[in-house]
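# An overview of the molecular structure
Here are the chains, one letter per residue:
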Amino acid sequence: MDRRTFLKKSGVLALSVSWAPGCGSEATDEPMVASYNYTGPMGPADVFTHGVASGDPLDTSVVLWTRAKPDVVGDEPIFWEVALDPDFELRVSAGQEALDPERDGAFKVIADGLSAGQTYYYRFWVRGRSSVIGRTRTSGPVDHVRLAVCSCSNYATGLFVGYRGIARRRDLDAVIHLGDYIYEKQYGPANRPNQPPYEVVTLADYRTRYGHYRTDPDLLEAHRQHPFICVWDDHESANNSYKDGAQNHDPEDGEGSWQDRRQAATRAWTEWLPVREAADGRIWRRHAWGNLLDLFMLDTRLWARAKQVSGGMKEQIADPERPFLGQDQEKWLHEGLVQGSGRWKVLGQQVMIAQLKVNGTALNTDQWDGYEATRDRLFDVIEDQNIEGFVVLTGDIHTSWASDLTRDSSDPERYNPTTGQGAMGVEFVAPGITAGGFGGGSVVLGELARDLNPHIRWVDLVHRGYFVLDVRDSAVQSDWFHYATLQDDAEEKLGASWLSVYGSGHLTEADSSAAEKDQQPDLAPG
Ligand SMILES: [Fe+2]
């Protein structure tokens, strides 16, 4: 280790320069970029407690996140800097801001003035100490986008080997997390203990749960290497939540009011995840990569959703007044689909949109099957406005699915299950990072689901992992990467590859996984 590297690693380099030209060039009109300047006593080496993270990339800005010990930081501002290189020779942006005392040490800043489609490296400083180095990337007008898509990371179940696989990939534009980032109580086998060791209900509980998750080295590394775009599902609050309650919430059982719990849950999520924040608590938002891809992130869970009903309550399921997205989110989505310039129109959202029925009755009314009027109105927009390139990304159910989207796959006038003709789009469902998966007999179950629902082209009910969505002008492809176990020696294997050729509206099985990008910027050094 040379002296410079040693000094950097020990966090004492560049403490005394006050202002320096940006981008390492004095001959340009680049704005001045502030350098870290601290002359006080050194703080403890562990002042940054939970690594770094970035998220919600736009063309010129990205959210940067870290957490520091509030009692050590005191009123000293946190300094952040962004560079084009991992050695921070080509610094492009920097600033400083005080910790918000109301946020339990969580720190978030929006780095702006960045270039589109560019990889950056960033870090934080306080009391003479630096955080680890993070790596992030802006969105932008590029001709090839690759996104890792994941959900359902149940800490107690096993190691986050899926996050490990995501962290190692060098050519991702972002990680799309579709929710169940934490679990509020013990579900499934307790292969490693949760903190706190009980169901979380209060703000302090939820903060502790996030803090514990963010000690996991694989999750930390995934956050350190890639920007995340996150939405919550139910387990960030409580199982099968909806706007005014949850299956796993009982005020009569000492859990207090749902409104208090929901506020605590969403506040902790907002503090701990690198998301942009809206004053009214909405998380539905749009991201775009030039004219290639519009990504609509939805909140099907807490914004407006009415309580779930049983599959036999068909009148309620078809009731056009019964909310799922809510009028405002639905209007925004429909208008965005019609007006957006993205060739591919992609929804990133929580629950399965393809029908999963037995003899016309929904198997799971927590999904879009339980809110048919909202799905009908969305399908109306897709069909009536001749929208091409419609793709839905889904989490929640811990298993892998590829489906054609159609009104009724049993109607030969509408859909040909052999060719896919008649479909209006496709859905890719991510398995859990660790949650769920079925044991023996699941191959039969999967076949049965497909037989009864022929628009479902492929299903894997066994494996955990994630998928990579590869987006080009000509086609979008999903490559599922699976793990047979959740142990340290787990190996990543390609599970399946399905693509949709632009304009076809349906799925085709791919011969191989999509080619990685030519450009693979260096990972952030450890
Ligand atoms: Fe889940």
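The model shown is predicted, which means the values in this text are computed figures rather than measured ones.

### Some points on the overall build of the protein chain
Assigned secondary structure in the protein chain consists of 10 helices and 28 strands. With the principal axes as the frame, the protein chain shows a C-alpha extent of 75 × 55 × 45 Å. Counting all 526 residues of the protein chain, 59% fall into the buried class. Taking all contacts inside the protein chain whose residues are at least 6 apart in sequence as the whole, residues at least 24 apart take part in 71%. As displayed, the protein chain has an accessible area near 20700 Å², and 48% of this comes from carbon and sulfur atoms.

### Some words on the pairing of strand S23 (residues 425-429)
Along S23, 5 of the 5 residues are buried, which leaves the element largely enclosed by surrounding structure. Where strand S21 (residues 390-394) lies against S23, 4 bridges are found, and the strand directions are parallel. Pairing of Val392 across the sheet is with Glu427, part of S23. The pairing of strand S22 (residues 400-405) with S23 spans 5 bridges and is classified as antiparallel.

### A closer look at the coordination of the iron ion
By definition of the ideal shapes, four donors in a tetrahedron about a metal sit 109.5 degrees apart, and six donors in an octahedron sit 90 or 180 degrees apart. Within the protein, the iron ion binds to Cys152 (SG), Asp180 (OD), Tyr183 (OH) and His398 (NE2); these donor distances fall in the range 2.0 to 2.5 Å. Taken together, the 4 donor atoms surrounding the iron ion define angles of 86 to 167° at the centre, an arrangement classified as irregular. Counting residues between consecutive donors of the iron ion along the chain gives the motif C-x27-D-x2-Y-x214-H. Residue Cys152 is found in the loop between strand S11 (144-150) and helix H3 (161-168), and its partner Asp180 is found in the loop between strand S12 (174-177) and helix H4 (203-213); the two are separated by 28 residues along the sequence. On the accessibility criterion, Cys152 (0% relative accessible area) is buried.

### Looking at the packing of helix H8 (residues 327-339) against helix H9 (residues 372-384)
Contact geometry for H8 and H9: axes closest at 10 Å, N-to-C directions at 20°. For the element pair H8 / H9, the angle class is roughly parallel. Regarding H8 and H9, the two cross each other, and that crossing is right-handed. Each of Glu330, Leu333, His334, Leu337 and Val338 in H8 lies in contact with H9, whose residues at this interface are Thr374, Arg377, Leu378, Val381 and Ile382. Its residues assigned to classes, the contact of H8 with H9 comprises 6 nonpolar, 2 polar and 2 charged.

### Section: the pattern of salt bridges
A full pass over the atoms with the stated rule returns 41 salt bridges. Across the pair Arg67 and Asp104 runs a salt bridge, and its minimum N-O distance is 3.6 Å. Placement of Arg67 in strand S4 (residues 62-68) and of Asp104 in the loop between strand S6 (91-97) and strand S7 (106-111) is noted, with a sequence separation of 37 residues between them. Measuring nitrogen to oxygen at the nearest pair gives 2.7 Å for the salt bridge that ties Arg123 to Glu81. Linking Arg123 in strand S8 (residues 119-126) with Glu81 in strand S5 (residues 78-83), this pair joins segments that are 42 residues apart in sequence. Just as Arg123 is buried, Glu81 falls in that class too. Three or more residues joined by partner-sharing salt bridges are found here, namely Asp233, Arg301, Arg305, Asp366 and Asp396.

### Describing the sheet that holds S7
Taken in spatial order, the 10 strands make up an open sheet running S7-S4-S3-S13-S12-S11-S25-S26-S27-S28, and their pairing is mixed. Each having just a single partner strand, S7 and strand S28 (508-509) make up the two edges of the open sheet.

### What to know about the nonpolar core
Core analysis: the biggest nonpolar cluster contains 76 residues, and Tyr163, Ile166, Leu293, Leu393, Phe428 and Leu469 have the highest contact counts within it. For this core, the element with the highest residue contribution is helix H6 (residues 258-272), accounting for 6 residues. Counting only domains with at least three residues in this core, you end up with domain 1 (3-137) and domain 2 (144-509). Setting aside chain neighbours within four positions, we find Leu393 in contact with Val149, Leu178, Leu295, Val346, Leu347, Gly348, Gln349, Phe428, Phe467 and Leu469.

### Here's the deal with the packing of aromatic side chains
Across all of its chains, the model carries 25 aromatic pairs by this definition. With 4.6 Å between their ring centres and 70° between their planes, Trp232 and Trp269 make a pair best called edge-to-face. Of this pair, Trp232 sits in the loop between strand S13 (227-230) and strand S14 (241-242) while Trp269 sits in helix H6, and the two are 37 residues apart along the sequence. In this structure, Trp232 and Trp269 share a single accessibility class: buried. An angle of 75° between the planes, with centres 5.7 Å apart, marks the rings of Phe296 and Trp332 as edge-to-face. With Phe296 in strand S17 (residues 293-297) and Trp332 in helix H8, the pair connects residues that are 36 residues apart, well separated along the chain. Overall, Trp332 belongs to the partly exposed group, its relative accessible area being 23%. Through pairs of rings, three or more aromatic residues link up here, namely Tyr36, Tyr38, Phe79 and Trp125. The ring of Trp65 has Arg214 sitting right over it, with the charged end atom 4.3 Å from the ring centre.

### Re the packing of H3 against helix H5 (residues 217-225)
Their axes nearest at 8 Å, the elements H3 and H5 cross at an angle of 25°. Compared by their axis directions, H3 and H5 come out roughly parallel. Our pair here, H3 against H5, has a crossing hand that is left-handed. Across from Tyr163, Arg164 and Ala167 in H3, the residues of H5 making contact are Asp218, Leu219, Glu221, Ala222 and Gln225. Within the contact of H3 with H5, the residues separate by chemical class into 4 nonpolar, 1 polar and 3 charged.

### Re H4
With respect to burial, H4 is a largely interior element, 8 of its 11 residues being buried. For H4, the complete set of buried residues consists of Asp205, Tyr206, Arg207, Arg209, Tyr210, Gly211, His212 and Tyr213. As for H4, its buried residues are in contact with strand S3 (48-55), H5 and H6.

### With respect to the domain arrangement of the protein chain
One can read the domain layout of the protein chain as domain 1 (3-137) and domain 2 (144-509). Each partner contributes to the interface: domain 1 provides 28 residues, whereas domain 2 provides 29 residues. By the criterion of area lost to domain 2, the three top residues of domain 1 are His50, Asp56 and Arg135, representing 29% of everything that side buries. For the interface between domain 1 and domain 2, the tally reads 4 salt bridges.

### A few points about the sheet that holds S23
With respect to topology, 7 strands assemble into an open sheet ordered S16-S17-S18-S21-S23-S22-S24, the strand pairing being mixed. At either end of the open sheet lies a strand with only one pairing partner, and these are strand S16 (285-289) and strand S24 (456-460). Put simply, the sheet's adjacent strands are angled 15° from each other on average, direction ignored. As paired elements, strand S18 (residues 344-349) and S21 share 5 bridges and run parallel to each other. Of the residues in S21, the one forming a bridge with Leu347 is Val392.

Rules used in this analysis
- Residues numbered from 1 in each chain as written.
- Predicted model: local features only at pLDDT ≥ 70, side-chain atom pairs only at ≥ 80, totals over all residues.
- Heavy atoms only, no water.
- Helix = DSSP H or I, 4+ residues; strand = E, 2+ residues; numbered from the N terminus.
- Buried < 20%, exposed > 50% of the residue type's maximum accessible area, 1.4 Å probe, protein only.
- Contact = heavy atoms within 4.5 Å.
- Areas by Shrake-Rupley, 256 points an atom, 1.4 Å probe, with all protein chains shown as cover.
- Pairing = 2+ DSSP bridges.
- Donors = N, O, S within 2.8 Å, 3.2 Å for Na, K, Ca; no water.
- Tetrahedral: all angles 85-135°; square planar, octahedral: opposite > 155°, others 65-115°.
- Axes fitted to C-alpha atoms, helices over the stretch in contact; angles between N-to-C directions.
- Parallel < 35°, antiparallel > 145°, perpendicular 65-115°, else oblique.
- Left-handed = near helix turned anticlockwise from the far one by under 90°.
- Nonpolar A, V, L, I, M, F, W, Y, C, P; charged D, E, K, R; others polar.
- Salt bridge = Lys/Arg side-chain N within 4 Å of Asp/Glu carboxyl O.
- Core = buried A, V, L, I, M, F, W, Y, C linked by side-chain atoms within 4.5 Å.
- Domains from an automatic or database assignment.
- Phe/Tyr/Trp six-rings, centres within 6.5 Å; stacked < 30°, edge-to-face > 60°.
- Lys NZ or Arg CZ within 6 Å of the ring centre and 35° of its normal.
- Buried area = accessible area lost by both parts, 1.4 Å probe.

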